[in-house]
Amino acid sequence: LLGPGLIMGGSAIGGGEWLMGPKVTAQYGGALLWLATLSVLGQVLYNIEISRYTLYSGEPIFTGKFRMMPGPRFWVVAYLLFDFGSVFPYLAANAATPVATLLKGGAVPDPENVPGDFWLMKGLAYAIFIGALIPLLFGGKIYRSLKAVMTFKLIVVFGFLLFLAFMYSTGPTWVEIFTGFFKFGTVPIKVAADAPVVRGENVQNVFIALSSGEGFPEIDFSQIAFIAALAAIAGSGGLSNTPVSNYTRDQGWGMGHHVGAIPSAIGGHDIELSHVGTVFEVNDESLPRWRAWYKHVARDQLVVWLPACFIGLALPAMLSIQFLQPEDVKDSNDWTMAVMTAEGVQNAVKEQSGVGLGQF
């Protein structure tokens, strides 16, 4: 019964949640997380509706989209251009940063100025990108391998973050995060250039400001790229939602049961996949079954994927709010945020445990 929502939930904590999220929440607290709320709610509706297409036809939504003008060749090129950059080099390169830091004994790589670091980062990025494909070669069908990998990721990553949350975070941090998901209309505002950056004093709610007669706040657009990226990557983001219809088919839900699934290279030779779907005859017998499948898809998204998205945003935000200060990340970029977050956790753990890093 656990299907696409589980795989999508595993991807809810991705590169953006570790990089863009902490950059924004370290500076502004949880006040801007309401943008992620709007993004996730829009995505869950999209996920349910494209899955409905698959329940009826057995086809993933891409097959239907490729039938649109001007034709499949155009759309293949267009979608590759849109989506490839979100996987490589973005995620692979950012994942390579903490790995390179470990290999260098804790020193953050500087690929822009150190030639050795440049080639180290390039090599690790390619290795991570190619290595991510290896599990998909086994398991009978690709969907089954994805499900196993994402289940492992959910257990390990969520478990690690929950451990940090319970052992090293405080109540006010969680209040800040969860209320932030509902602070609709809060925006970053400009502060004096020589004033210290204080979290909470650099944001203002538009609706409260207008109702109190203060006028429209003077919005600070200096971090707009990171704020927009937070909203864009919340949940799955980009084209990462669209494969949910493929997962619905490969899970065998609705008419996907009659179409087949994508076989893996090893162990999947007895699995077939039809290039086109098949629809059912609409009558008094089929409609109740159709409605039951639709409700099941909705439950999968609303009960599994939707909570996973908010947890996937809240836990990395907890790290930055609890362990970083606005001044710490003022001059950081997406290459160094993961390392800075890790250093913040390390310092907090060392301070609380009272031992040195070597002893720990």
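Residues numbered from 1 in each chain as written. Predicted model: local features only at pLDDT ≥ 70, side-chain atom pairs only at ≥ 80, totals over all residues. Heavy atoms only, no water.

Engineer: For the overall build of the protein, give the residues involved together with the corresponding values.
Structural biologist: A count of helices and strands for the protein gives 14 helices and 2 strands. Residues classed as buried in the protein amount to 44% of the 360 residues present. Counting only contacts in the protein whose residues sit at least 6 apart along the sequence, the fraction spanning at least 24 positions is 76%. As displayed, the protein has an accessible area near 18600 Å², and 68% of this comes from carbon and sulfur atoms. (Helix = DSSP H or I, 4+ residues; strand = E, 2+ residues; numbered from the N terminus. Buried < 20%, exposed > 50% of the residue type's maximum accessible area, 1.4 Å probe, protein only. Contact = heavy atoms within 4.5 Å. Areas by Shrake-Rupley, 256 points an atom, 1.4 Å probe, with all protein chains shown as cover.)

Engineer: Give me the lowdown on the packing of helix α3 (residues 34–57) against helix α13 (residues 286–323), citing residues and values where you can.
Structural biologist: The relative placement of two packed helices is expressed as an angle between their axes plus a distance between the axes. It is the contact of α3 with α13, at a shortest axis distance of 10 Å, that shows an interaxial angle of 150°. With respect to α13, the element α3 is oriented roughly antiparallel. For the pair α3 and α13, the crossing hand works out as right-handed. Residues of the contact of α3 with α13, tallied by class, amount to 18 nonpolar, 5 polar and 2 charged. (Axes fitted to C-alpha atoms, helices over the stretch in contact; angles between N-to-C directions. Parallel < 35°, antiparallel > 145°, perpendicular 65-115°, else oblique. Left-handed = near helix turned anticlockwise from the far one by under 90°. Nonpolar A, V, L, I, M, F, W, Y, C, P; charged D, E, K, R; others polar.)

Engineer: Outline the nonpolar core, supporting the account with residue identities and numerical values.
Structural biologist: Within the largest apolar cluster, 55 residues are counted, with the highest numbers of intra-cluster contacts made by I177 and M318. Here this core takes 12 residues from α13, the largest share from any one element. In this structure M318 touches L161, L164, A165, S169, T173, W174, I177 and F323, once residues within four positions along its chain are discounted. (Core = buried A, V, L, I, M, F, W, Y, C linked by side-chain atoms within 4.5 Å.)

Engineer: Would you mind going over unusual backbone geometry in detail, with residue names and values included?
Structural biologist: The linkage connecting M69 with the following residue, P70, adopts the cis geometry, with an omega of 10°. When you line up the elements, P70 lands in the loop between α4 (61–66) and α5 (72–87).

Engineer: Provide a residue-level description of the pattern of salt bridges, including the pertinent values.
Structural biologist: In this structure the tally under the stated criterion is 6 salt bridges. The salt bridge partner of E285 is R289, with a shortest N-O separation of 3.2 Å. E285 gets classed as exposed once you look at its relative accessible area, which sits at 51%. On the basis of relative accessible area, R289 is assigned to the exposed category, the value being 54%. (Salt bridge = Lys/Arg side-chain N within 4 Å of Asp/Glu carboxyl O.)

Engineer: Tell me about α13, and please be specific about residues and values.
Structural biologist: The terminal C-alpha atoms of α13 lie 55 Å apart, and with 38 residues this matches the ideal 56 Å at 1.5 Å per residue to within 8%. The sharpest bend along α13 comes to roughly 30°, located at W305, with the proline P307 sitting one to four residues further on. (Expected span 1.5 Å × (residues − 1). Bend = angle between axes of the 7 residues up to and from the residue.)

Engineer: Describe in detail the side chain of Q301, supporting the description with residues and values.
Structural biologist: Note on placement: Q301 falls in helix α13. The class of Q301 is buried, set by a relative accessible area of 1%. Residue contacts for Q301: discarding those within four places in its chain leaves G5, V44, N47, I48, V244 and L306.

Engineer: Now, about a nonpolar patch on the surface: what can you tell me, with residues and values included?
Structural biologist: A cluster of nonpolar side chains, namely L38, F182, F184 and F207, defines an oily patch on the protein surface of about 450 Å² accessible area. If you trace the backbone, F182 turns up in the loop between α9 (171–180) and β1 (186–188). Of the residues examined, F182 reaches a relative accessible area of 60% and is grouped as exposed. (Patch = residues over 30% accessible without salt bridge, like charges linked within 9 Å, V, L, I, M, F, W, Y side chains within 5 Å.)

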